[in-house]
Amino acid sequence: MADNNEEINVITHLLQVEKNASLLIDDALKEAEQKLAQARSQANLEYRQKYEECVSSLENEYNQNLADIQSEHDKRFNDFKDFLQSQPKDSASFNALLESLLFTDK
């Protein structure tokens, strides 16, 4: 009978150890999930910050290039306009050419 009681005590003790081990595993899993969630949240935050920095940098570069191109276009257009205005005008010859092209029977 004493052996039986001792065996029951040992089995009860082993069941208690197994229960404690299970609780430790559950706690470790919860802690791991919490740490993963925090790490994922931090990684997402850093990703968004770097993404926004990259987008902002690219947008600034685009706007600067656009302004440079617009400035170069305006300069070339004004240079061409000045060139055209500096050319001599021969209205008499132009009118004679139009008369000959439009009103002469061929």
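Residues numbered from 1 in each chain as written. Predicted model: local features only at pLDDT ≥ 70, side-chain atom pairs only at ≥ 80, totals over all residues. Heavy atoms only, no water.

Participant: Can you help me understand the pattern of salt bridges in this one?
Facilitator: It is possible for side chains bearing opposite charge to pair when their charged atoms get close. In the structure shown here, the tally under the stated rule is 3 salt bridges. Put simply, Glu 31 and Lys 35 hold a salt bridge, and the shortest N to O gap is 3.3 Å. Of this pair, Glu 31 and Lys 35 both sit in helix H1 (residues 2-86), 4 residues apart, which is roughly one turn of the helix. The salt bridge involving Asp 79 is made with Lys 75; its shortest N-O contact spans 3.1 Å. Separated by 4 residues within a single helix, Asp 79 and Lys 75 lie in helix H1, roughly one turn from each other. (Salt bridge = Lys/Arg side-chain N within 4 Å of Asp/Glu carboxyl O. Helix = DSSP H or I, 4+ residues; strand = E, 2+ residues; numbered from the N terminus.)

Participant: Quick question: what am I supposed to make of the packing of aromatic side chains here?
Facilitator: To describe a pair of aromatic rings, one takes the distance between the centres and the angle between the planes. The full count for this structure, using the stated rule, is 1 aromatic pair. Ring centres of Tyr 47 and Tyr 51 lie 6.1 Å apart, and the angle between their planes is 20 degrees; this geometry places the pair in the stacked category. Note that Tyr 47 and Tyr 51 are positioned in helix H1 at a spacing of 4 residues, about one turn of the helix. In this structure Tyr 51 comes out as partly exposed when scored by relative accessible area, which is 49%. (Phe/Tyr/Trp six-rings, centres within 6.5 Å; stacked < 30°, edge-to-face > 60°. Buried < 20%, exposed > 50% of the residue type's maximum accessible area, 1.4 Å probe, protein only.)

Participant: I keep staring at the environment of Glu 31 and nothing clicks. Help me out?
Facilitator: Under the relative-accessibility criterion, Glu 31 is labelled partly exposed at 42%. Sequence spacing of Glu 31 and Lys 81 is 50 residues, and the spatial spacing of their C-alpha atoms is 74 Å.

Participant: Would you mind showing me how to read a nonpolar patch on the surface here?
Facilitator: A cluster of nonpolar residues, Phe 94, Leu 97, Leu 98, Leu 101, Leu 102 and Phe 103, forms a patch on the protein surface that exposes about 640 Å² of accessible area. Classification of Leu 98 as partly exposed rests on a relative accessible area of 33%. (Patch = residues over 30% accessible without salt bridge, like charges linked within 9 Å, V, L, I, M, F, W, Y side chains within 5 Å. Areas by Shrake-Rupley, 256 points an atom, 1.4 Å probe, with all protein chains shown as cover.)

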